Amino acid sequence: AGAGPPRIVGGLLGRAPGSDGGKGGSMHIADFSVGMLGANGVVAAGLPIAVGAAQGLKIRGQHAIAVCFFGDGAINRGPFMEALNWAVVYHLPVLFVCEDNRISATTASAPMTAGPGASARAASMGIAAVQVDGTDVQAVSQAAGELIREIRTGSGPRLLHALTDRHKGHVSVDPGTYRDPKDVQAALARDGIARTRAQLVAQGHTAQVEQIEREAQTEIDAAVATATAAPLPDKAQAYTDIQTTGEGVWA
């Protein structure tokens, strides 16, 4: 399998050379070669995985840290509190990143969330948290950099609470009719990529921006072409990579 984007796109399209052999699909994409331990369809399930990885790093004495991204809806599920508690008890090198777009799937988060949210809950467990404008690329980079430096120097877990927006429905077939069109337009106007592009252009970096865009589009097109041309997994592969506890026998 090719490295980088072709592996990821191949996994998304269910192709044999994909990062997961074409078995995972969009809900279970993973690429251990770049340190991506895998996504899954269970809300908040990535948090304990990240904490487990962080504990492994600590036991091995490695300088790396674990980073876990999740939405605001995840903070109302048990794994969120379990993971933060575990990280504090064992003083683990993990950065929790809450991408807070204020919508949990198809429901506004605020009416079903007690208290101020992710930052306050982290602070209540002794985890230093920083809230930042998630649509401000420079602000996010600076805040993340500072938190990562603190983690690397042995300060324990940290949480970055990024307030951001969602531009479309929860999934591709969700028209998002439960949202006020004005709110969507306001979110689009705050888009972090568009804002950063405008800032760079205003600073006289138009040529560099356009070059980056061309290179990115070329990389995407090549990855899609490679993945699309790749074969689907052989049917026999359905019987490999299956966990067994040694109990029971399939007839």
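Notes on the structure in this doc start here.

How each quantity is defined
Residues numbered from 1 in each chain as written. Predicted model: local features only at pLDDT ≥ 70, side-chain atom pairs only at ≥ 80, totals over all residues. Heavy atoms only, no water. Helix = DSSP H or I, 4+ residues; strand = E, 2+ residues; numbered from the N terminus. Expected span 1.5 Å × (residues − 1). Buried < 20%, exposed > 50% of the residue type's maximum accessible area, 1.4 Å probe, protein only. Arc of directions from axis to C-beta. Contact = heavy atoms within 4.5 Å. Polar contact = N/O pair within 3.5 Å; in protein donor to acceptor, adjacent residues only side chain to side chain. Axes fitted to C-alpha atoms, helices over the stretch in contact; angles between N-to-C directions. Parallel < 35°, antiparallel > 145°, perpendicular 65-115°, else oblique. Nonpolar A, V, L, I, M, F, W, Y, C, P; charged D, E, K, R; others polar. Pairing = 2+ DSSP bridges. Right-handed = clockwise from strand over helix to strand, strands pointing away. Patch = residues over 30% accessible without salt bridge, like charges linked within 9 Å, V, L, I, M, F, W, Y side chains within 5 Å. Areas by Shrake-Rupley, 256 points an atom, 1.4 Å probe, with all protein chains shown as cover. Salt bridge = Lys/Arg side-chain N within 4 Å of Asp/Glu carboxyl O. Lys, Arg positive; Asp, Glu negative; His and termini not counted.

Phi at His 91 is positive, roughly 50°, even though this residue is not glycine. With respect to the helices and strands, His 91 occurs in the loop between α3 (78–89) and β2 (94–100). Positive phi values are uncommon outside glycine, yet Ala 105 reaches one of about 60°. If you trace the backbone, Ala 105 turns up in the loop between β3 (103–104) and β4 (107–108).

Attention shifts here to helix α5 (residues 137–152). Between its first and last C-alpha atoms α5 spans 22 Å; for 16 residues at 1.5 Å apiece the expected length is 22 Å, and the two agree. Within α5, burial applies to Ala 143, Ala 144, Leu 147 and Ile 151. Projection of α5 onto a plane perpendicular to its axis shows the buried side chains occupying an angular sector of 95°, all on one side. Among the exposed residues of α5, those oriented more than 90 degrees off its buried face are Gln 138, Gln 142 and Arg 149. Where α5 is buried, its residues meet β2, β5 (128–133) and β6 (158–163). Of the residues that open α5, the one with a side-chain oxygen 3.2 Å from the backbone nitrogen of Gln 138 is Asp 136.

Working note: a packed helix pair is described by the angle between its axes plus the distance between those axes. Between helix α7 (residues 192–202) and helix α8 (residues 206–229), whose axes approach to 7 Å, the crossing angle comes to 140°. Of the possible angle classes, the one that applies to α7 and α8 is oblique. Touching Arg 197, Leu 200 and Val 201 of α7 are Thr 206, Val 209, Glu 210 and Glu 213, all from α8. Broken down by class, the residue content of the contact of α7 with α8 amounts to three nonpolar, one polar and three charged.

Along a regular strand, successive side chains alternate from one face of the sheet to the other. Most of β6 sits inside the fold, with five of its six residues counted as buried. Bridge count between β5 and β6: six bridges; the pairing is parallel. Residue pairing for β6: Val 132 is matched across the bridge by Ala 162. The parallel pair β5 and β6 is bridged by α5, and the resulting crossover is right-handed.

To continue, consider a nonpolar patch on the surface. Together, Phe 32, Leu 37 and Ile 49 give the surface a local cluster of nonpolar side chains, amounting to about 320 Å² of exposed area. Secondary-structure assignment places Ile 49 in helix α2 (residues 46–60).

Now for the side chain of Arg 166. Within the element layout of this structure, Arg 166 appears in the loop between β6 and α6 (181–189). Of the side chains with opposite charge, Asp 174 lies nearest to the buried Arg 166, which makes no salt bridge, at 4.1 Å. At 2.7 Å, the side chain of Arg 166 forms a polar contact with the backbone oxygen of Ala 105. A polar atom in the side chain of Arg 166 sits 2.5 Å from the side chain of Tyr 178. Setting aside anything within four residues of it in sequence, one finds Arg 166 in contact with Asn 101, Ile 103, Ala 105, Asp 174, Tyr 178, Arg 179 and Ala 187.

This paragraph deals with the sheet that holds β2. As summarised here, the arrangement of the four strands in space is β1-β2-β6-β5, forming an open sheet in which the pairing is parallel. A single partner strand is all that each edge strand has here, and the edge strands are β1 (66–71) and β5. For this sheet the average axis-to-axis angle between neighbouring strands, irrespective of direction, equals 20°. Along the sheet, α2 contacts β1 and β2; its crossing angle with β1, the most-contacted strand, is approximately 170°.

On to the environment of Thr 240. For Thr 240, the location among the structural elements is in the segment after α8. Take Thr 240: its relative accessible area is 30%, and that puts it in the partly exposed class. In sequence terms Thr 240 and Gly 24 are 216 residues apart; their C-alpha atoms lie 13 Å from each other. A distance of 2.8 Å separates polar atoms of two side chains, one belonging to Thr 240 and the other to Lys 23. A polar atom in the side chain of Thr 240 sits 2.8 Å from the backbone oxygen of Gln 237.

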